[in-house]
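Each chain, written out:
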Amino acid sequence: MGEFLHTALSFPTVVFTFLLVVVAAYWLVVITGLFELEDDAAWLGLGGVPAGIAISLLIALAWLLCLIGSQVAGRGALIAVPFAAPVLAWLAVRGLRVRLRRLFPQGDRHSRADFVGQMCVIRTGAATSDFGQAEVTAADGSSAVVQVRTTGQDRLARGDNALIFEYDKDGEFFWVMPYESEH
């Protein structure tokens, strides 16, 4: 164990050991829910894979390759190890990218903005400027009950049709107005 720690904490592996500690801290923060893995790693040439995962794999593989290289390389070649390790790690992660993409499908990402322009049906006793809920059907046929508010003096009763015309991010509700269907 002593020789392993000595190797991990000596040149050239120590550079990647520090980065590996940063990656471990990042994942502890991700586990707590403070960060999400939504960003793509396209800027690294690893598009289709969340940046947190791509960078973590890149650093972990670079650390492992540097650890192995520091044991295998001679004294003269030791200076090349910290440069070769990240390049080889990047090539390996790039090769894994196709398999990793299957774990993180990109299609069918829905957002609340998809409901803007849709017709909804009031489901609470009434919808006013202070309170209301409505059922809206998404393009894929699924339905959701959402918070709605009316403008001005509009008051909608249970079962009334309304048109969603805007989403309020701060209040997390949809603005609606009366909607008369044309049958």
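Presented here is a report on the structure given in the accompanying data block. (Residues numbered from 1 in each chain as written. Predicted model: local features only at pLDDT ≥ 70, side-chain atom pairs only at ≥ 80, totals over all residues. Heavy atoms only, no water.)

To describe two helices that pack against each other, one gives the angle between their axes and the distance between the axes. Helix α4 (residues 81-103) packs onto helix α3 (residues 51-72) with a crossing angle of 135° between their chain directions and a minimal axis gap of 8 Å. Viewed along their axes, α3 and α4 adopt a mutual orientation that is oblique. For the crossing formed where α3 meets α4, the hand is right-handed. Of α4, the residues touching α3 (which contributes Ala54, Leu57, Leu58, Leu61, Ala62, Leu65, Cys66, Gly69 and Ser70) are Val81, Pro82, Ala85, Pro86, Leu88, Ala89, Trp90, Ala92, Val93 and Leu100. Tallied by class, residues from the contact of α3 with α4 come to 17 nonpolar, two polar and no charged. (Axes fitted to C-alpha atoms, helices over the stretch in contact; angles between N-to-C directions. Helix = DSSP H or I, 4+ residues; strand = E, 2+ residues; numbered from the N terminus. Parallel < 35°, antiparallel > 145°, perpendicular 65-115°, else oblique. Left-handed = near helix turned anticlockwise from the far one by under 90°. Contact = heavy atoms within 4.5 Å. Nonpolar A, V, L, I, M, F, W, Y, C, P; charged D, E, K, R; others polar.)

What follows covers the sheet that holds strand β9 (residues 173-178). Taken together, five strands build a closed barrel; the order of strands is β3-β5-β6-β9-β8 and the barrel is mixed. Each neighbouring strand pair of the sheet contributes to a mean axis angle of 55°, computed without reference to strand direction. Bridging between strand β3 (residues 119-122) and strand β8 (residues 161-168) involves three bridges; their strand directions are antiparallel. Looking across to β8, one finds that Val121 is bridged to Asn161. (Pairing = 2+ DSSP bridges.)

Once that is clear, we can look at the nonpolar core. Among the nonpolar cores identified, the biggest contains 19 residues, and Phe16, Ala41, Leu46, Val49, Ala54, Trp63 and Cys66 are the most heavily contacted of them. For this core, the elements supplying multiple residues, two or more each, are β2 (46-50), α3 and α4. Residues within four places of Ala41 in sequence aside, it is in contact with Leu46, Gly47, Val49, Pro50, Ala51 and Ala54. The next biggest cluster of nonpolar side chains, apart from the first, holds 14 residues, and it includes Ala127, Val146, Phe174 and Val176. (Core = buried A, V, L, I, M, F, W, Y, C linked by side-chain atoms within 4.5 Å. Buried < 20%, exposed > 50% of the residue type's maximum accessible area, 1.4 Å probe, protein only.)

Side chains of Met1, Phe4, Leu5, Leu9, Val14, Val15, Phe18, Leu19 and Val22 sit close together on the surface and give an oily, nonpolar patch of about 850 Å² of accessible area. Those elements that place two or more of their residues in the nonpolar patch are α1 (2-8) and α2 (13-32). Ranked by the residues each element gives to the nonpolar patch, the list is headed by α2, at five residues. (Patch = residues over 30% accessible without salt bridge, like charges linked within 9 Å, V, L, I, M, F, W, Y side chains within 5 Å. Areas by Shrake-Rupley, 256 points an atom, 1.4 Å probe, with all protein chains shown as cover. Salt bridge = Lys/Arg side-chain N within 4 Å of Asp/Glu carboxyl O.)

The subject of this paragraph is the pairing of β8. Relative to β9, β8 is paired through six bridges, and the arrangement is antiparallel. Across the sheet, the residue bridging to Leu163 is Met177, located in β9. Between β8 and the antiparallel strand that follows it, β9, lie four residues; Glu172 among them carries a positive phi value of about 55°.

Compared with an ideal rise of 1.5 Å per residue, which puts 23 residues at 33 Å, α4 spans 32 Å between its outermost C-alpha atoms and is within 8% of the ideal. Bending of α4 peaks at approximately 50° at the position of Arg97. Taken together, the buried positions of α4 are occupied by Val81, Pro82, Ala85, Ala89, Val93, Arg97 and Leu100. Taken together, the buried residues of α4 touch α2, β2 and α3. (Expected span 1.5 Å × (residues − 1). Bend = angle between axes of the 7 residues up to and from the residue.)

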